[in-house]
Protein chains: 2
Amino acid sequence: MRMPLWLGARAALAPHAPALRCGSSEWSFAELDRAARRAARALRAHGLRPGDRLAVLLPNGAELVALVHAAPLCGAVLVPLNTRLTARELAFQLRDCRPRLLVHDGGLAVAAKDACAELPDLSRLATPLGDGEARADLPLERELDLGDTAAVVYTSGTSGAPKGAELGHGAFLWSAATAAFAQGAVPGDRWLACLPLFHVGGLAILYRSVLAGAAVTAHERFDPAHVADELDRGGITLVSLVANMLERVLDARGERPAPPGLRCVLLGGGPAPADLLARARGLGFPIATTYGLTETASQVATLPLELARAEVDAVGPALPGHALRIVSPNGVTLPAGQPGEIAVRGPTLMKGYLGRPAETAAALRDGWLFTGDVGALDARGFLCVLDRRSDLIVSGGENVYPAEVESALREHPAVGDAGVAGEPDPRFGRRVAAWIVLRPEARASAPELDAFCRGRIAGYKVPRAFHFVDELPRGPSGKLLRRALGE
Amino acid sequence: MRMPLWLGARAALAPHAPALRCGSSEWSFAELDRAARRAARALRAHGLRPGDRLAVLLPNGAELVALVHAAPLCGAVLVPLNTRLTARELAFQLRDCRPRLLVHDGGLAVAAKDACAELPDLSRLATPLGDGEARADLPLERELDLGDTAAVVYTSGTSGAPKGAELGHGAFLWSAATAAFAQGAVPGDRWLACLPLFHVGGLAILYRSVLAGAAVTAHERFDPAHVADELDRGGITLVSLVANMLERVLDARGERPAPPGLRCVLLGGGPAPADLLARARGLGFPIATTYGLTETASQVATLPLELARAEVDAVGPALPGHALRIVSPNGVTLPAGQPGEIAVRGPTLMKGYLGRPAETAAALRDGWLFTGDVGALDARGFLCVLDRRSDLIVSGGENVYPAEVESALREHPAVGDAGVAGEPDPRFGRRVAAWIVLRPEARASAPELDAFCRGRIAGYKVPRAFHFVDELPRGPSGKLLRRALGE
């Protein structure tokens with residue numbers, strides 16, 4: 001189904017309404033639309049064509065927001081890259097998605113250059129996008145098709161190799177409608193985006209705010225004192241956080257009650273500690289715990305606002321349009337109360353993993369996404385997430401896949417075997433820990449392994465603790481038993 | 001695309017939130033869901049099967065609301081009938097859509113009985129739906145498919161024969177999302193429904209409120225003093241009105257300013273007089289003029305809330321997801337400023353007219369609905385509706401098609417020829433007027449023609465004025481020139 005581009009439609013509806021604030025700069029919807037058109041013309045001048053992929057490696061800011069909306073003006077597919085990745089990780093994703101163009105800013109130029117060393121046919125474009133390059137005569141798209149891919153967002157998986165989830169324009173539109181139905185959408189709304197905008201939770205805010213006419217305040221990076229000030233200043237009605245960010249914001253604000261205009265704290269990124277929820281709710285924060293995935297363009301089950309101040313530890317029922325079921329290992333749908341794999345169906349599901357039909361077929365079966373996460377439905381149909389996929393460590397809101405870390409560790413000549421799992425961490429919820437079996441006669445210290453990892457994987461994935469052991473727990477078939485690592 | 005039923009999903013999200021108030025009775029979403037399930041079991045016990053059509057002939061009230069949501073629980077298609085129609089008009093629509101079951105209440109039993117006289121195989125069910133008939137063991141649907149038809153809503157047309165617009169669940173879901181993006185949707189919202197719920201504008205409120213979690217206050221009939229009291233009482237945030245209703249509400253309230261919590265008066269049903277808009281806005285009423293059709297499941301272009309207090313006489317740009325274009329008689333898309341036929345494309349378009357492939361093909365071409373209405377886009381892309389289809393009279397928010405009235409008049413033995421058109425009316429905007437050519441030597445008075453019409457067509461269609469003339473203005477091909485009738 002074809003429809004006019006969303007930012008253009010909103011700029012026609014409400015040209016002067018506030019669209020974006022970054023630092024001390026503000027953009028109305030008409031100004032943001034102009035910025036997106038300028039960026040789109042520059043991209044077209046640099047050879048971006050309809051159907052191409054456009055990789056962006058930028059921190060949160062107006063430039064990234066303009067490019068998100070410039071992509072459909074060019075008929076291009078956005079690939080937002082994680083700015084915390086190493087050049088090696090970036091190169092893997094760039095090779096995987098083969099973009100026509102990579103846009104990066106000065107601060108990330110080295111990583112981008114290194115990442116592109118093996119990709120000679122990839123054009124790079126350092127921002128700021130020059131106005132001189134924005135030729136007015138280059139044709140831009142006026143419409144999009146809901147069935148077309150809006151963005152490829154990378155997520156890792158059990159295999160450790162990142163996979164690009166292809167999310168259609170329709171998935172983001174539905175996600176925006178669902179957010180409006182669940183968290184509300186009203187003139188004067190302002191979302192605080194202090195999560196990375198390259199993650200699906202941040203990206204969805206950008207599409208949603210344009211569709212619903214809400215303003216966005218984007219922080220370049222998460223700073224608890226800055227978020228606390230922003231909340232006290234007033235005007236923020238909605239904010240997305242993960243548990244450890246919420247805790248640090250509460251620490252920064254002290255015992256001051258929640259600002260009165262704040263309608264919803266959407267709390268995602270893994271289970272939140274009960275005492276944190278109680279503390280935040282005790283101060284009057286409306287906390288809507290939520291469950292979502294990259295593969296579903298963000299939330300699929302969220303605690304209703306009516307219960308956001310109550311002592312509920314479930315994440316709520318499926319949002320309107322979505323269905324949840326709990327499945328046993330042999331594929332049987334389980335009744336309420338019984339834990340099993342969480343399967344999701346709904347209009348926000350990805351089209352598949354880019355170029356990976358086997359992984360896509362394993363994840364998407366009969367219209368259901370099998371998440372690998374473990375949960376149960378209660379008698380009311382509320383979802384309780386019991387455990388993220390057994391091999392996933394959620395640390396400070398970032399997903400770390402042990403297989404990826406293990407594979408980096410095993411490249412070290414002294415490492416004979418390596419197992420990675422999460423350990424409790426008072427600040428980040430979980431931290432990454434490694435269990436190392438050294439090769440006979442070989443030696444490697446924790447600092448040495450730390451330095452080795454930093455050249456290969458993003459800093460947040462590097463183990464915070466190294467345990468040297470004689471052997472790793474393995475099952476009868478030799479499969480690593482990660483849950484037994486700490487025992 | 002399949003998804004769980006909307007009322008059930010909302011009842012799981014917010015069981016205790018207010019869903020509906022009718023008179024002094026209130027229902028939460030859980031209670032409304034139970035009422036809908038009870039009604040659905042009674043309908044199933046009366047033989048309603050998936051795929052059947054369910055006609056309802058009921059005034060605004062909890063029973064009608066429960067049946068609207070009972071229809072998808074039975075997998076049935078709702079056909080809401082206009083309670084102001086005559087038995088003859090009802091019989092036409094019933095023959096056209098062939099429902100399995102007609103539900104009506106005591107007050108409308110005579111009309112229903114008369115209408116069914118020629119339809120011996122139609123079951124009738126007088127409400128209230130007895131609890132005794134609600135067998136708990138009858139299976140109900142849990143999901144719907146967005147591609148399936150939710151409702152058949154009758155609209156007349158140039159030919160004078162009513163046509164049933166088949167509206168999918170998807171059309172209503174999109175309409176709800178669009179309303180959330182345009183008028184906002186927030187916990188604590190309450191829509192005042194004082195328009196007939198059997199019209200698409202009323203019906204859309206019922207679906208939308210369940211999807212967005214808003215409450216509805218339904219008035220059994222429009223009473224200006226009652227609406228004025230309701231607004232003063234507080235709690236109403238959104239209301240749909242047509243111009244003449246707004247005027248009467250303002251008359252009833254005197255010079256009191258608009259209630260502070262009222263976010264939007266959605267003003268549809270034809271162009272509104274500029275002095276009425278100025279008067280309402282002068283009192284602080286946020287008036288969002290809107291353009292919509294039965295065939296588009298309600299609004300497709302609406303003045304943005306930001307401009308609802310400004311002196312704007314356009315109805316605004318297309319809502320997100322919709323596109324508008326102005327087309328010349330020979331099919332050319334016209335530039336801004338030039339008047340032509342309004343064509344609409346978007347996700348809320350009907351699937352077609354039930355059982356009328358030729359009329360459907362004439363109205364829906366290449367995904368665009370050709371409305372027959374005349375309008376122009378201004379430089380900003382705002383739609384100005386210049387004239388409803390030349391043969392349509394909008395009187396007090398009801399659509400009257402002259403051809404239907406003329407055809408009733410011509411059945412009178414004394415009438416040789418008849419032409420019907422709108423005349424200005426201080427209260428209803430337009431009133432229905434007839435120009436009559438009597439047969440030679442025949443006689444018929446205005447009261448006699450009035451009484452004759454009342455047996456054949458709904459009261460609001462009966463001419464308020466009869467002009468007896470010697471001949472009617474006709475073009476070279478003999479076509480009646482309705483615009484020349486008053487000259």
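How each quantity is defined
- Residues numbered from 1 in each chain as written.
- Chains lettered and ligands numbered in written order.
- Predicted model: local features only at pLDDT ≥ 70, side-chain atom pairs only at ≥ 80, totals over all residues.
- Core = buried A, V, L, I, M, F, W, Y, C linked by C-beta atoms within 7 Å.
- Buried ≥ 20, exposed ≤ 12 C-beta atoms within 10 Å, placed from the backbone.
- Contact = placed C-beta atoms within 7 Å.
- Domains from an automatic or database assignment.
- Nonpolar A, V, L, I, M, F, W, Y, C, P; charged D, E, K, R; others polar.
- Pairing = 2+ DSSP bridges.
- Helix = DSSP H or I, 4+ residues; strand = E, 2+ residues; numbered from the N terminus.
- Axes fitted to C-alpha atoms, helices over the stretch in contact; angles between N-to-C directions.
- Parallel < 35°, antiparallel > 145°, perpendicular 65-115°, else oblique.
- Left-handed = near helix turned anticlockwise from the far one by under 90°.

**Things to note about the nonpolar core**
Leu54(A), Ala180(A), Leu54(B) and Ala180(B) are the most contacted members of the largest nonpolar core, which has 283 residues in total. Excluding its chain neighbours within four sequence positions, the residues that come into contact with Ala180(A) are Ala185(A), Ala212(A), Ala177(B), Ala180(B), Phe181(B), Ala185(B) and Ala212(B).

**A short note on the domain arrangement of chain A**
Interface size is often expressed as the accessible area that is lost when the parts come together. All names here are of chain A. You can read the domains of chain A as domain 1 (2–145), domain 2 (181–387) and domain 3 (393–484). Computed from C-alpha atoms alone, the centre-to-centre distance between domain 1 and domain 3 is 36 Å. The interface of domain 1 with domain 3 comprises 6 residues on the first partner and 6 residues on the second. Classifying every residue of the side of domain 1 that touches domain 3 gives 1 nonpolar, 2 polar and 3 charged.

**Details of the sheet that holds strand 11 (residues 190–193) of chain A**
All names here are of chain A. Spatially, 3-2-12-11-13-14-15-16 is the arrangement adopted by the 8 strands of the open sheet, whose pairing is mixed. Since the sheet does not close on itself, it has two edges, and those belong to strand 3 (25–28) and strand 16 (298–302), each with one partner. Between one strand axis and the next, the sheet turns through 25 degrees on average, direction left out of account. Of the pairings in the sheet, the one linking strand 15 (residues 287–293) to strand 16 comprises 4 bridges and is antiparallel in character. Residue pairing across strands places Leu-293 opposite Ser-298, the latter belonging to strand 16. In the packing of helix 2 (residues 29–45) onto the sheet, contacts are made with strand 2 (18–22) and strand 3, and the angle to strand 3 comes to roughly 95 degrees.

**Focus: the packing of helix 6 (residues 169–183) of chain A against helix 6 (residues 169–183) of chain B**
How two helices pack is summed up by the angle between their axes together with the distance between the axes. At a closest axis distance of 10 Å, the pairing of helix 6 of chain A and helix 6 of chain B adopts a crossing angle of 70 degrees. For the element pair helix 6 of chain A / helix 6 of chain B, the angle class is roughly perpendicular. Considering the relative orientation of helix 6 of chain A and helix 6 of chain B, their crossing is left-handed. Contact residues: Ala177(A), Ala180(A) and Phe181(A) in helix 6 of chain A; Ala177(B), Ala180(B) and Phe181(B) in helix 6 of chain B. Residues of the contact of helix 6 of chain A with helix 6 of chain B, tallied by class, amount to 6 nonpolar, no polar and no charged.

**Quick notes on unusual backbone geometry**
At Ala297(A), a residue that is not glycine, the phi angle is positive and equals roughly 55 degrees. Here Ala297(A) shows up in the loop between strand 15 and strand 16.

**Re the sheet that holds strand 25 (residues 415–425) of chain A**
By definition, the strands of a sheet pair up through backbone hydrogen bonds, in either a parallel or an antiparallel sense. Residues and elements named next belong to chain A. Strand order across the open sheet formed by 3 strands is 25-26-27, with mixed pairing between neighbours. Edge positions in the sheet fall to strand 25 and strand 27 (465–468), since each of these pairs with one other strand and no more. The sheet shows a mean angle of 25 degrees between the axes of neighbouring strands, taken without regard to direction. For strand 25 and strand 26 (residues 429–438), the ladder comprises 10 bridges, and the chain directions are antiparallel. Paired with Gly-422 across the two strands is Val-432, which belongs to strand 26.

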